[in-house]
Amino acid sequence: WHHTAPVPFRAFSFDASWRGMASSLSAEMGRCAHVEEQLQALRLELVAIQEDRAETHPSAELEVARDKNATLKRHLQQLAAVLMSKQRRQQFGDGPGGATAATQRPQFGGRVLRDEEEVYTENAWDNVEWSDEQLTAARAAVDNQAQHPVGEDELGAVVDAGGEFWDVFYRKHENRFFKDRQWLLTEFSELKMAGAGSEEGTVHKDIAPQFPGFDTPRWMCSSRATRRVLEVGCGAGNTIFPLLDADADPGLFVYGCDFAASAVDVVRSHVLYDPNRCHVFVCDVSTEDVDLPPSSLDVIMLIFVLSAINPDRIRKTLQRLATLLKPGGLILLRDYGRYDLAQLRFKHHRYLADNFYIRGDRTKVYFFSQEEMREHMRAVGLQELQNRFDNRLIVNRAKREQMFRVWLQCKYQKPTT
């Protein structure tokens, strides 16, 4: 980390509707400058220690200084990312009072490829229809994978494994692997309204019961909240922090859980982690109940998480989660769809069971069809608001490559009566 000057951020003006954002941005820029000053001081301290450590400084003290330096570096990078995100929202109007139809982040479905000769004019195309030849080739690839499964000697240990491989993953990558989900509020606009209205897909607050007898510390930390969201499989916080950053409502409280303890540690160490607005904890929802009251949550988010659970545990997992929803509460889901590029790329000896695979890092992944997700949700008593495939063509214009992605996006609601 060689950057020593204050991080430059382009100046811009705000109208009245952006005063709150301006105040927040100014405060965060001040925090960023403070962290930069601390980082520079530690940098000088580290140099001094390295110069005479043999005589005056034990190796343990050097390691402490290095750890502090790395922590401040990470915090500065996180703050810089937040500031640039705010600048993008102000520039493109994707924020309070500033959004227009012409400048908002486009929702899925608007980029339709009508002429094959124009395929390399955009980075991605929506609602791409597969040809019969593509479908035949995809089925053949999956059939071939099934002929070369994981060896019997390791099959049992792999299938029974819990979150230990994800724990190793987050210890290695921390928050450097997945990008923040800036598309979240575009595709799931219900997050802006959860608990705030009476339209279809929103939660009626007057229905939600109170829990005066439920006084666990985990629940009481959100005792003043008017909206409660739980993200299952929170990972490194790539959903939690964009949501909190985009919604300044003091009544919003976000819970997050993950079965990897290292992922929870990454979220808690983030510079924007605020115990007054969010709380994360370790929980394997595929095998244990979540320590929250029944009928207490407005929204549960499942973003690429059910695919990491053994298929025979998915319905029981959804049953546990549905119990936590208020009447009218929502499950918002995005996950891997059948014949996604990630599935078709698997080589031999990665196949565990139908549409279920093990990656090279020993984490597991399942690829869903629309109908099986519909059956799971119906079985646990949820009503369908949306269940569709996001068939997207991703284009690498420099290499002239085309990549077909298939993601399943769903919205299900707990009945109000």
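Note that the structure is a prediction, hence the values are computed from the model and not measured.

(A) Quick peek at the packing of helix α11 (residues 314–324) against helix α13 (residues 370–379). The interhelical angle for the contact between α11 and α13, taken along N-to-C directions, is 45 degrees, at an axis separation of 9 Å. One way to sum up the angle between α11 and α13 is to call them oblique. In this structure, α11 crosses over α13, and the sense of that crossing is right-handed. Every residue of α13 that contacts α11 at I314, R315 and L318 is listed here: E375, H376, M377 and A379. Residue composition of the contact of α11 with α13, grouped by class: four nonpolar, one polar and two charged.

(B) Layout of the layout of surface pockets. Reported here for the second largest pocket is a volume of approximately 170 Å³. Residue lining of the second largest pocket: V112, L113, E116, D126, N127, V128, E129, Q134, L393, Q402 and F404, and that is the complete set. Partitioning the lining of the second largest pocket into residue classes produces five nonpolar, three polar and three charged.

(C) Inspection of the nonpolar core at higher detail. Core analysis: the biggest nonpolar cluster contains 39 residues, and V232, I300, L302 and L306 have the highest contact counts within it. Among the elements of the structure, β2 (227–232), β3 (252–258), β5 (297–303), α11, β6 (325–336), β8 (356–358), α13 and β11 (401–413) are those that each provide at least two residues to this core. Broken down by element, this core gets its largest block of residues, five residues, from α11. If we skip the residues at most four places from it in the chain, L302 touches V232, L318, L321, I331, L332, L333 and R334.

(D) View of the pattern of salt bridges. By the definition in use, this model includes 15 salt bridges. One salt bridge connects R320 with D289, and the closest N-O pair in it is separated by 3.2 Å. Here R320 is found in helix α11, whereas its partner D289 is found in the loop between β4 (278–282) and β5, with 31 residues between them in sequence. Overall, R320 belongs to the buried group, its relative accessible area being 18%. Residue class for D289 comes out exposed when judged on its relative accessible area of 58%.

(E) Expanded view of the side chain of D247. Looking at where D247 falls in the secondary structure, it is placed in the loop between α9 (240–246) and β3. Taking the relative accessible area as the measure of exposure, D247 reaches 12% and is therefore buried. Of note is the side chain of D247, whose polar atom sits 3.0 Å from the backbone nitrogen of D249. Apart from the residues lying within four places of it in its own chain, the contact partners of D247 are L191, R227, L252 and R277.

(F) Broad picture of the environment of P311. Structurally, P311 is set in the loop between β5 and α11. Taking the relative accessible area as the measure of exposure, P311 reaches 28% and is therefore partly exposed. Considered as a pair, P311 and N355 are 44 residues apart in the sequence and their alpha carbons are 9.4 Å apart. When sequence neighbours within four positions are dropped, the list of residues in contact with P311 reads F356 and Y366.

(G) Region of interest: the sheet that holds β2. Sheet architecture is open: eight strands sit in the order β1-β10-β11-β6-β5-β2-β3-β4, paired in mixed fashion. Every interior strand has two partners, whereas the edge strands, β1 (124–125) and β4, have only one. Bridge analysis of β2 against β3 gives six bridges, and the strand direction is parallel. Counted as the bridge partner of L230 is Y255 from β3. Contacting β2, β5 and β6, α11 runs over the sheet at an angle of about 140 degrees to β6.

(H) Representation of the environment of Q413 in the model. Take Q413: it is sitting in strand β11. Separated by 115 residues in the primary sequence, Q413 and D298 place their C-alpha atoms 10.0 Å from one another. For Q413, the side chain forms a polar contact with the main-chain oxygen of G328, separated by 3.1 Å.

(I) Up close: a negative patch on the surface. Residues D115, E116, E117 and E118 make up a contiguous surface patch of negative charge. Among the secondary structure elements, E118 is positioned in the loop between α2 (59–92) and β1.

(J) Geometry of the packing of aromatic side chains. A full pass over the atoms with the stated rule returns eleven aromatic pairs. Judged by centre distance (5.8 Å) and plane angle (85 degrees), the rings of Y351 and Y357 are edge-to-face. Summarising the burial analysis for this pair, Y351 and Y357 share the class buried. Through pairs of rings, three or more aromatic residues link up here, namely F304, Y336, F346, Y351, Y357 and F367. Looking at R218, its charged tip hangs above the ring of F281, at a distance of 3.8 Å from the centre. The cationic tip of R400 hangs over the ring face of Y120; the distance from NZ or CZ to the ring centre is 4.0 Å.

Rules of the game
- Residues numbered from 1 in each chain as written.
- Predicted model: local features only at pLDDT ≥ 70, side-chain atom pairs only at ≥ 80, totals over all residues.
- Heavy atoms only, no water.
- Axes fitted to C-alpha atoms, helices over the stretch in contact; angles between N-to-C directions.
- Helix = DSSP H or I, 4+ residues; strand = E, 2+ residues; numbered from the N terminus.
- Parallel < 35°, antiparallel > 145°, perpendicular 65-115°, else oblique.
- Left-handed = near helix turned anticlockwise from the far one by under 90°.
- Contact = heavy atoms within 4.5 Å.
- Nonpolar A, V, L, I, M, F, W, Y, C, P; charged D, E, K, R; others polar.
- 1 Å grid on protein atoms, 1.4 Å probe; cavity = no way out; pocket = protein on both sides within 12 Å on 5 of 7 lines; lining within 4 Å.
- Points joined across faces, edges and corners; volume = space filled by probe spheres on them.
- Core = buried A, V, L, I, M, F, W, Y, C linked by side-chain atoms within 4.5 Å.
- Buried < 20%, exposed > 50% of the residue type's maximum accessible area, 1.4 Å probe, protein only.
- Salt bridge = Lys/Arg side-chain N within 4 Å of Asp/Glu carboxyl O.
- Polar contact = N/O pair within 3.5 Å; in protein donor to acceptor, adjacent residues only side chain to side chain.
- Pairing = 2+ DSSP bridges.
- Patch = residues over 30% accessible without salt bridge, like charges linked within 9 Å, V, L, I, M, F, W, Y side chains within 5 Å.
- Areas by Shrake-Rupley, 256 points an atom, 1.4 Å probe, with all protein chains shown as cover.
- Lys, Arg positive; Asp, Glu negative; His and termini not counted.
- Charge placed at Lys NZ, Arg CZ, Asp CG, Glu CD.
- Phe/Tyr/Trp six-rings, centres within 6.5 Å; stacked < 30°, edge-to-face > 60°.
- Lys NZ or Arg CZ within 6 Å of the ring centre and 35° of its normal.

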